[in-house]
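A closer look at the structure
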Amino acid sequence: MKNLKSLVSRGSELVHGATQLTHLGQATERLRGLPRFTEKLKSSSLSPFKPLQLEIFQINLGKMCNQTCRHCHVDAGPDRREIMTRETMQLCLDVLQNLPVKTVDLTGGAPEMNPNFRWFVEEITRQGKTVIDRCNLTILLAHEKYRDLPEFFARHRVKVVSSLPYYQKGFTDRQRGDGVFERSIRALKMLNEVGYGKEGTSLELDLVFNPNGAFLPAAQASLQNDFKRELKQLFDIEFNQLYAITNMPISRFLEYLVTSGNLEAYMEKLVQSYNPAAAPGVMCRNTLSISWDGKIFDCDFNQMLDLAVGCAKSRHLSQFNLAELSEREIQVDQHCFGCTAGSGSSCGGTLT
Amino acid sequence: MSKSYYQPEDLKKFPQITEFSEKLGNKFFDYYSEVFAEGALTAREKSLIALAVAHAVQCAYCIDAYTTDTLEKGCNEQQMMEAVHVAAAIRGGSTLVHSVQMMNKAKEISM
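Residues numbered from 1 in each chain as written. Chains lettered and ligands numbered in written order. Predicted model: local features only at pLDDT ≥ 70, side-chain atom pairs only at ≥ 80, totals over all residues. Heavy atoms only, no water.

Section: the layout of surface pockets
Roughly 310 Å³ of internal volume is contained in the second largest pocket. When contributions to the lining of the second largest pocket are tallied by element, the ones reaching two or more residues are α1 (7-10), α2 (17-26) and α14 (300-304) of chain A. (1 Å grid on protein atoms, 1.4 Å probe; cavity = no way out; pocket = protein on both sides within 12 Å on 5 of 7 lines; lining within 4 Å. Points joined across faces, edges and corners; volume = space filled by probe spheres on them. Helix = DSSP H or I, 4+ residues; strand = E, 2+ residues; numbered from the N terminus.)

Structure representation (structure tokens):
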């Protein structure tokens, strides 16, 4: 894969959420003719679309990343500079203090690149909450200062969730960049060495699979068996669970769909694969997503599309109001078909 | 639309073959979905067999459909190409094994 730059640094029109949504819903006659996600929710008796009990607080620590993956829905990369300040992290902690949520899910970019990452993790765990770190693996080898992250994670019982789109080099490097597979394997070995993914340690290491193109993921259980067998045989690597996630048709994956001529067929596939059994369990119903600058969104995808939360009185951490947010209507558009296709898709894998 | 016997868009119209014969069409599709369900063979194994057969019968629609399907069953490119080589080997072998008949006939009519 040639060196890729973010959409922002290339001045792409797809940096704007509204432009992306126009592409998905209106760009061609075929796309205009597809059923709307709102209609599907109505047919599933899920309208108005309301949240359930809040369980997960997902915080995006910034768009800075050491990788530039082709499918990234955040448009993250080394050329992005937006990261959460310590003041905004303190606002998160103040809000979290009074919330009944048990899990705080840290994502990015590469969340570990935020200079206040370790302090933030320590403060969250001090509140008795479990931290998930969505780790791209190669960050552990990106600089000397990150080498002891596995020990740091273990000390704070951080649950590590890492992207590895395949157990072979080809699919992985074409999606995530040259050399990423080999460095990911080294990073997984570092995590295994401190006990992550090993039986009896309760240090959880989960992997995330996403398809290497414009098609849906295979059945999660079957993929997990393949990954466990191959990673053990080929590299003596162990992990706990594998999550199969559908590629969301936004940001850089949307760019891939448009430039490769796959947009219409992929959207048709997502719409045709709408699963009414998956829809009630989508993650926006039990999660709130916080952006690097403290804004509140229904999910990380809506955050990247700048789809403001449907609660005018509580759109920023500084005005956080759980009661108001619990009454909001979740903002949906055509991209939401990505979470309801096939077996369903969320940050925790399939939904059915 | 350009004139061609094969139109990619026609693949999506496959279910519409019931229009001219509903009963037979429905029976075929019931049978088809049962054939591809998990059984003594996994759905993935069946998909790879279908990919190989699609090449053997040179069905452009089936190649499109089962390339996507094998990828969506978690197969990789090596597995997919090996399946096609199985089809190629059987086709090639089928041609070559008939050369025994040629040899027999040649020997029969030659001094």
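Read on, since the account is not over.
A look at the packing of helix α2 (residues 43-56) of chain B against helix α3 (residues 60-72) of chain B
All names here are of chain B. Their axes nearest at 9 Å, the elements α2 and α3 cross at an angle of 155 degrees. When the axis of α2 is compared with that of α3, the two are roughly antiparallel. Crossing of α2 against α3: the hand is left-handed. Two secondary-structure elements touch here, α2 through Ser47, Leu48, Ala50, Leu51, Ala54 and His55 and α3 through Cys62, Ile63, Tyr66, Thr67, Asp69 and Thr70. Taken together, the residues that form the contact of α2 with α3 break down as 7 nonpolar, 4 polar and 1 charged. (Axes fitted to C-alpha atoms, helices over the stretch in contact; angles between N-to-C directions. Parallel < 35°, antiparallel > 145°, perpendicular 65-115°, else oblique. Left-handed = near helix turned anticlockwise from the far one by under 90°. Contact = heavy atoms within 4.5 Å. Nonpolar A, V, L, I, M, F, W, Y, C, P; charged D, E, K, R; others polar.)

Considerations on the pairing of strand β4 (residues 159-163) of chain A
Residue and element names in this part refer to chain A. Relative to β4, strand β3 (residues 130-135) runs parallel, the two sharing 4 bridges. If you follow Cys135 over to β4, its bridge partner there is Ser162. Pairing between β4 and strand β5 (residues 205-209): 4 bridges, direction parallel. Within the sheet, the bridge partner assigned to Val160 lies in β5 and is Leu205. (Pairing = 2+ DSSP bridges.)

A closer look at the state of the cysteines
Scanning the entire structure with this criterion turns up 1 disulfide over all chains. Each sulfur of the disulfide joining B:Cys59 and B:Cys62 lies 2.4 Å from the other. In this structure, the disulfide formed by B:Cys59 and B:Cys62 twists by about 75 degrees around the S-S bond and is classed as right-handed. Here A:Cys135 is not disulfide-linked; the sulfur of A:Cys65 is the nearest cysteine sulfur, at 9.8 Å. Cysteine A:Cys299 remains unbridged, with the sulfur of A:Cys284 as its closest cysteine sulfur at 5.9 Å. (Disulfide = S-S within 2.5 Å.)

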